Amino acid sequence: MDYPLEIRNYKDLFSSAVWNRGVQYYQFGYAQWVDDFDHGMEYEVQGSVGYYRVRIWDDSSSHNGFRAECNCPYHGPCKHIVAVILDGMDDEFIIEKAKKP
Ligand SMILES: [Zn+2]
């Protein structure tokens, strides 16, 4: 199966503010891997008032090739999911390229 695991494919899913905050969360090391499950990963991400639980998994039936959920109060794709996506990418990821204008 072929999933779009390219940074450019993810950026459009998030607003600039959410994305850039998520980049910071990643840089701060807030995204902590917890466990793998079938075709996915579970993370804990440090937030302003505690930890949130993020799950991200491959789903070829999804437009984006993956699905993600977070139990924070924000409605929609949140910065915690951004931090997890960045952490899950390979070491060639360059943080400056990730930032949105
Ligand atoms: Zn969240």
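Up top you'll find the structure we're talking about.
Note that the coordinates shown come from a computational prediction; the quantities given were computed from them, not determined experimentally.

Undergrad: What am I meant to see in the nonpolar core here?
TA: Among soluble globular proteins, nonpolar side chains are generally buried collectively. In this structure, A31, V45, V54, I81, A83 and V84 are the most contacted members of the largest nonpolar core, which totals 22 residues. When contributions to this core are tallied by element, the ones reaching two or more residues are α2 (16-28), β2 (40-47), β3 (50-58), β4 (66-70) and α3 (79-88). Looking at this core, the element that brings in the most residues is α3, giving 6 residues. The contact partners of I81, leaving out residues within four places of it in the chain, are V54, I56, A68 and C70.

Undergrad: Just to check I follow, could you spell out α2 for this structure?
TA: One full turn of an α-helix is made of 3.6 residues, so residues set three or four places apart face in the same direction. In this model α2 runs 18 Å from its N-terminal to its C-terminal C-alpha over 13 residues, within 8% of the 18 Å that 1.5 Å per residue would give. Residues of α2 that are buried: W19, G22, Y25 and Y26. The arc that holds the buried residues of α2, viewed along the axis, is 115 degrees, so those residues lie on one side. What points out from α2, more than 90 degrees from its buried face, is the exposed set S16, A17, Q27 and F28.

Rules used throughout
- Residues numbered from 1 in each chain as written.
- Predicted model: local features only at pLDDT ≥ 70, side-chain atom pairs only at ≥ 80, totals over all residues.
- Core = buried A, V, L, I, M, F, W, Y, C linked by C-beta atoms within 7 Å.
- Buried ≥ 20, exposed ≤ 12 C-beta atoms within 10 Å, placed from the backbone.
- Helix = DSSP H or I, 4+ residues; strand = E, 2+ residues; numbered from the N terminus.
- Contact = placed C-beta atoms within 7 Å.
- Expected span 1.5 Å × (residues − 1).
- Arc of directions from axis to C-beta.

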